[in-house]
Amino acid sequence: MKKILTALLLTVLVLALAACGTKDKEEGANSNSAGGKEEKTKIVVGASNTPHAVILEKVKPLLKEKGFDLEIETYQDYILPNKDLESGLLDANYFQTIPYLESQIADFGYDFVNAGGIHIEPMGVYSKKYKSLNELPEGATILMSNSVSDHGRVLEMLEKEGLITLAEGVDKVKAELGDIVDNPKNLKFEPDYEAALMPTLYKNGEGDALLINSNYAIDAGINPLEDSIALEETDSPYVNVITVRSGDENSAAIKALVEVLQTEEIQEFMLKEWGGSVVPVK
């Protein structure tokens, strides 16, 4: 009886060890060579509706050819995509500029990195009342979003157009309304509005002029090239990037995503689709 029990126990042990060996091989096949971490074949990316999600849809088949499935989660705001990236609901997000990313890291302590720059969306000045910045009257009201990271961008643009002068030596990217030292037309600034609401305010004729990010303009059926009375130059430092948790920028999945987004095929798609309202990073 003891011999039978011993034989049975040995058989179970051998089978268990064999199963473990098979599992280890399978895990090894799905791990990268750097640290044995399981490599994902599915990427979940958070993005603004337009143009980001549209671009990602175009990327899907190209990424599939590299062995990765892309799932796109769309957002209407600039806060949740970073919260969901931090929590692990997303593998990456694609909606924010470098200055905005830096401000979010400073404000919330996110351990995020820029995995690669993709395109620029020029900021535009819009007005239902005036056809040029020169027509703006004394005391005109300028509406701005409450996204502080955009304020320096707006002020630098208005300075280049000759409407204001900023303090000498100020970092233009971080400039604030308090840095204005000369305002010949006594323009009044109202920086109190959600960025996503700016197109609606424009269509309703609010303010004398207002500034809208091109992604929100395009999503609302506004053509930055035709409808704006002034448009930011394309050498802007406000590049839209793929953002990931620190360390993930080296994963095969994220590298493949950035590589495909930076291909000539996708760059040509951006230019053809939006005619200069979305400018790919070369």
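The sections below set out a description of the structure shown in this document.

**Details of the overall build of the protein**
The secondary structure content of the protein amounts to ten helices and 13 strands. Of the contacts formed within the protein by residues at least 6 apart in sequence, a portion of 74% connects residues at least 24 apart. Looking at the protein as shown, the accessible area adds up to about 14,500 Å², and 52% of this sits on carbon and sulfur atoms.

**Here's the deal with the sheet that holds strand 3 (residues 92-97)**
The six strands lie next to each other as 2-1-3-12-4-13, forming an open sheet whose pairing is mixed. Looking at strand neighbours, the two that pair on one side only are strand 2 (69-75) and strand 13 (279-280), the edges of this open sheet. As defined by bridge partners, strand 1 (residues 42-48) adjoins strand 2 across seven bridges and the pair is classed as parallel. Each bridged residue has a counterpart across the sheet, and for G46 the counterpart in strand 2 is E73. Packed onto the sheet, helix 2 (residues 49-65) meets strand 1, strand 2, strand 3, strand 4 (112-120) and strand 12 (239-245) and runs at close to 175° relative to strand 2. Lying over the sheet, helix 4 (residues 98-108) contacts strand 3, strand 4 and strand 12, oriented at roughly 110° with respect to strand 3.

**Notes on the pairing of strand 12**
Counting buried positions over the seven residues of strand 12 gives six, a clear majority of the element. Pairing of strand 3 with strand 12, which is carried by three bridges, proceeds in the antiparallel orientation. Bridge pairing links Y94 to I242 in strand 12. Where strand 4 lies against strand 12, seven bridges are found, and the strand directions are antiparallel. Across the sheet, residue H119 finds its bridge partner in strand 12, namely N240.

**Things to note about the layout of surface pockets**
Looking at the largest pocket, its volume works out to about 500 Å³. Mapped by element, the contributors of at least two residues to the lining of the largest pocket are helix 4 and helix 5 (148-160). No other element matches helix 4, which puts seven residues into the lining of the largest pocket.

**Some points on the packing of helix 2 against helix 9 (residues 252-261)**
Running from N to C, helix 2 and helix 9 point in directions that differ by 115°, and their axes come no closer than 10 Å. Where helix 2 crosses over helix 9, the two elements pack in a sense that is right-handed. Side by side, helix 2 and helix 9 meet where I55, L56, V59, L62 and L63 of the first sit next to A256, L257, V260 and L261 of the second. Here the contact of helix 2 with helix 9 is built from residues that sort into nine nonpolar, no polar and no charged.

So, how was this worked out
Each chain has its residues counted from 1, following the order in which its sequence is written. Totals for whole chains, interfaces and linings use every residue, but because this is a predicted model, local features are given only for residues with pLDDT of at least 70 and side-chain atom pairs only at 80 or more, for both listing and counting. Derived side-chain values reflect all non-hydrogen atoms in the structure, with water molecules and hydrogen atoms excluded from consideration. Only DSSP runs of H or I covering at least 4 residues are called helices, and only runs of E covering at least 2 are called strands; the numbering of each starts at the N terminus. The contact criterion used is simple: two residues touch if any of their non-hydrogen atoms lie within 4.5 Å. Accessible areas in this description were obtained via Shrake-Rupley with a 1.4 Å probe; residue shielding takes into account the shown protein chains only. Note: two strands are recorded as paired if DSSP finds a minimum of 2 bridges between them. Lines fitted to C-alpha atoms define the axes, with helix axes restricted to the stretch in contact, and inter-axis angles between N-to-C directions lie between 0 and 180 degrees. When accessible area is computed with a 1.4 Å probe and restricted to protein chains, residues below 20% of their type maximum are described as buried, those above 50% as exposed, and intermediate ones as partly exposed. Of the grid points, spaced at 1 Å and generated over the protein atoms alone, those admitting a 1.4 Å probe that cannot get out make up cavities, while open sets with protein on both sides within 12 Å along at least five of seven lines make up pockets; any residue with an atom within 4 Å of a point is treated as lining. Grid points are joined across faces, edges and corners, and a volume is the space filled by probe spheres set on the points. Crossings are assigned a handedness: left-handed for a near helix turned anticlockwise from the far helix by less than a right angle, right-handed for a clockwise turn. By the convention adopted, Pro, Cys, Tyr, Trp, Phe, Met, Ile, Leu, Val and Ala count as nonpolar, Lys, Arg, Asp and Glu as charged, and the other residues, Gly among them, as polar.

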